Amino acid sequence: MMRAGLRRGDKRRLVPRWLDPHGRHLGTWAFVANRLTGLGLVVYLYLHLVILSTLLRGPEAWDGLVELFRRPVFLAFDVLLVAGLAFHGFNGLRVALVGSGLLVDRHKALLVAAGTLVGLVTLVAAVRIVG
Amino acid sequence: MDAPHVIVVGGGGTGGALAHDLVLRGLAVTLLERGELTSGTTGRHHGLLHSGARYAVNDPESAVECIAENRILRRIAPGSFEENGGLFVALTDEDMDYLPRFLAGCAACGIPTRELTAAEALAVEPGLNPALKAAVWVPDATMDAMRLPLRFFATAQRNGAQLRPFTEVTGLLTTGRAVTGVTLRDHLTGAEAELAADLAVNATGPWCECLAAMAGVTVPVQPSPGVLLALVGRLCDLVVNRLHMAGDGDIVVPQRRLSIVGTSAWTVTDPDDLEVPHEHVLAMYREGAKLVPAVASAAERAAWSAARPLIGAIGGAGGGGGRQLSRTFKCFDHAVTDGVEGFVTITGGKATTLRAMAEATADLVCAKLGVEAPCRTREVVLAPHTAYYTGRAA
Amino acid sequence: MSSPRTVLLKVFRYGPDDAAPRYDQFRVPAGPRTTVLDALLAIQRRQDPSLSVRHSCLHGSCGTCGMRVNGREVLACVTRLDGLGDAVVVEPLAGAAVAGDLVVDMEHVYRRLEPVGRPLLRASERAGPDGAEAAAAPGTVPVLEELERFEDCIECGLCLSACPVAGDPRFLGPAALAAAERVLEEPRGTDGRAVLGLVDDAHGAWRCHAAFECSAVCPAGVDPGGAIMRLRRRLLADRLPRLVGRYHQEVPS
C-alpha cells in the first residue's frame, strides 16, 4: 500500500505556485500580469486617496505635493501606471470575453491585440506626460 | 479458521485477474509488483482485444481461447472497448489464396466472420489501401492496455486484496524445498521485510525464469520481444490486419488519436533493457503503409519493445525467433514437475486471455489448498478503473 | 563520428520517512532518440536501483509517466533529452502527494474525475455529430455513424500540476471540468443536470482564471481550458433565462 509522504512534490517555495515562471506559457504570463497589475492598482488607489486627502490641509500642502510629482521619477511612474491600467483593462476585457465562453479559440490572438493596444496607449501617454 | 494466504508475484494483467479470482473464492491475497502495475509487458501492447482470427489456421487452441474470452471480457468490463471490429485485408494474390483457409479456420474455431468486397471495406474503413482485393470483418476490438487490467485490480482491491506496487520480491522463504513465503523490498520506503504465505504464484510473465530460479526450478519460457510503433493521428477506426500467415508489421491498431503498428519478433534471455532495432521500425512503416497508406507520412510518437512470454524450450524452436511457438498459456505446479511444494507458475498467453489464465491458475491453487469454491469471474462485472485510485486508504 | 553525449540529470529524491527531499545528480549517455524515461530507467538499472519511476505503455497513451522536466509538465516516455540542454531537472508533478521519488499518488486526479462519471467511449470523428448514441449491434459490421473511440483524456494529471490555481484542493480542476464538458456534449446515458450542478460552483467552472496552462501542457489534445470556457457558456445560457423568469428544462448546448 502506498504511503503518501510529502504533500507537494516541489522544493521549498520562494514564491507561490502561480508566480513560478519555470516551464510556463503565454496564457499564464497574462494571468500573472493581470494579478500583479491588479494588486498594483489597488495599492495605487489607496495611495491616490491618501494624497488627495492632503487637499484638506490647504493649498500650500497640495501645491507642494504637485511640485514633487512633477519630478522625472514620478512622471516615469505615471507612465508605468498608465501601462498597468491599460493592460489590466484590455486584458481584463479579454478575460471577460473568453471567460464567458466567447472567442475562446482566439485567446492568444486576443492577448496579442490587447498587448498592441497597451503599447499604443502607453506610447501616447509617455509622449504627453513627459513631453 | 483463517483463509489461506496466497502471494501473487507480478502485477501484470494475469496477476491482477488472478488476485480478483482468488479473492472472490475467499482467499487472502497479497500481490507484489516491482514497479507500477502493468509496467512489465502488459501495459506495452497495442491494445487489441483479439478475435483469435490471427491464430485460427496455425494455432487453433489459442484462437478458441481468444474468441471465448473476447465475449466474456465485453460482458464483465462493459464500456472498456472500442467495439468497431477488425478487418483482415488481402492485398496480393497470395493473400487471396490464403483466404479460404482463413475462413475455414475461423469457422472451425467458432470465430464469426463477414466477407467484404473492396468497396464495402473502404466504406466502413476509408483509411484502407484502396488497392485491396478483399477483406474479412472479424470481432476484434480495442482496449486500453492498462485500464482494462486495472478494472481487475480495482475490483480485487475492493474485495480485500492487498495490492503492493513498487515492492520487489528479493528471495523466497523455504522450508526444505517447499516455498513458505517471500522476502521483499519496498522501493518507495527502502524497507525490507518477509511475508509468509501458504502458496506463491509466479505471474511475472517473461521474467518468470528469474523468480523460478529463486525456487531452484526452471520454466520453459522464452522471452520474445517485438517492436511497436506509435504514429500521430488516428489513421483508421477499425483494427486492420494483413490477411496472411503471421508476419512483421501486419497489424494497425487505433488508440485514441494514435495509430499503433506492430510487430516483430526475436528472442532474448533478459527481458529488461530491450533494444529497438531501427530496421524493425522501418519495417513497421513499410508494412503498415501497405495496409493503411497514411502510415507512410505519419509522424512518429514513439517506438518501443515489449517481451512476450512464449512457452517453449529455451534455445529451441530455431529460426523465426519465436513465431512458431504457441500463444497459449500454461500452469506449472512445481510440486508435480520439480518436487517444490507451495509454488505455481502461470505463463504464456495473451493480453486477451488474462481472465482465463487466472481461472486455470486459481483452480489449481484452490485444489492444492483444499479450497472448494467455483470460479465466478465470468459473471462478476468489474469495478471502474478509477476505483483503484479512489478506493485506496492513503 | 563524435563520442556519445552525456547529459546531467538532477533527479528529485524523496522517501516518505525522509525529513526533506534532495536532488541526486546522474550522468547518462544520450543519443538523439533517448527520452527522459529511457534515461531514468538506465539510471535505475545501472546506477541506482532504488530510484522509483512510474511508467507502463512507453508511448504516451497510459498517462502514468507524467513529471516536470525543467519545470514543465511532460510525459517522460515521449520527451527526448535532445534539445533540453546539458543539465536537466526532473521532478514529480506539483500538488501531488509524493509516494517516493518521482512516483506520486494519483488519488488527487481521480477523486475529482470520478464524480463527473465520464464514459470512456465517444463517437469517433468519422461517426459525425449524430453518431454518439448509435452503437453497432454486437457481432455485426458497423457503419460509419456507429464508429466509436476512447475519449482523449489519459488522466495523466499534467493539467492539474500546471494549473496556477489548482493548489486549492477544493478546485475541481481542468481534467474533471473538461470531462464534465464532454459528458454534456455527449451524454451516453449520464445525467446532464447533475453534472451541471456539480460544476456550477465557486470551486468548479468559475474558479478558473483563463491561464490556459492546462491546454498548453496537455499531451492528448483535450484542450481543458477551452472546455472550461465552453462549460461556462452553457452555465450562462442556463442561468440567464432563469434571471428573467424563464426556466430552462433541457441541458443547454
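Positions within a chain are numbered from 1, following the residues in the order the chain's sequence is written. Both sets of labels track the order of writing: A upward for chains, 1 upward for ligands. Only residues with pLDDT of 70 or above have their local features reported here, since the model is predicted, and side-chain atom pairs are shown and tallied only from 80 upward, although totals for entire chains, interfaces and linings are computed over all residues.

(A) Representation of the overall build of chain B. The helix and strand tally for chain B stands at 10 helices and 20 strands. The globule rule used here is 2.2 Å times the number of residues to the 0.38 power, and the radius of gyration it is set against is calculated over C-alpha atoms. The globule rule puts the C-alpha radius of gyration for 394 residues at 21 Å, and the 21 Å found for chain B is close to it. Expressed as lengths along the three principal axes of its C-alpha atoms, the size of chain B is roughly 65 × 40 × 40 Å. Counting other C-beta atoms within 10 Å of a residue's C-beta gives its exposure: the residue is buried at 20 or more, exposed at 12 or fewer, and partly exposed in between, where C-beta atoms are placed from the backbone. Counting all 394 residues of chain B, 59% fall into the buried class. The contacts of chain B with a sequence gap of at least 6 include a subset with a gap of at least 24, amounting to 74%. Only DSSP runs of H or I with at least four residues qualify as helices, and only runs of E with at least two residues qualify as strands; both kinds are numbered from the N terminus onward. With C-beta atoms placed from the backbone, a contact is any residue pair whose C-beta atoms sit within 7 Å.

(B) Molecular detail of the environment of Thr218 of chain B. Residue and element names in this part refer to chain B. Here Thr218 shows up in the loop between α6 (208–214) and β14 (221–232). C-beta crowding within 10 Å serves as the criterion here: with 16 such atoms nearby, Thr218 is assigned to the partly exposed category. A sequence separation of 99 residues divides Thr218 from Ala119, and the C-alpha atoms of the two residues are 52 Å apart. In this structure Thr218 touches Glu209 and Ala212, once residues within four positions along its chain are discounted.

(C) Expanded view of helix α5 (residues 192–199) of chain C. Residues and elements named next belong to chain C. Among the residues of α5, Val195, Leu196 and Val199 are the ones counted as buried. All buried residues of α5 fall inside an arc of 105 degrees around its axis, so they share one side. Among the exposed residues of α5, those pointing more than 90 degrees away from its buried face are Arg193, Ala194 and Gly197. Within this analysis, the arc is defined by the directions that extend from the helix axis to the C-beta atoms.

(D) Expanded view of the sheet that holds β14 of chain B. Residues and elements named next belong to chain B. Strands are treated as partners if at least two bridges between them are detected by DSSP. With respect to topology, eight strands assemble into an open sheet ordered β6-β7-β5-β15-β16-β17-β14-β18, the strand pairing being mixed. Single-partner strands in this sheet number two, and they are β6 (114–117) and β18 (300–311). Looking at each pair of strands side by side, their axes are set apart by 25 degrees on average, direction ignored. For β6 and strand β7 (residues 134–138), the ladder comprises four bridges, and the chain directions are antiparallel. Bridged to Leu116 within β7 is Ala135. Inter-axis angles, ranging from 0 to 180 degrees, are taken between N-to-C directions of lines fitted to C-alpha atoms, where helices are fitted over the stretch in contact.

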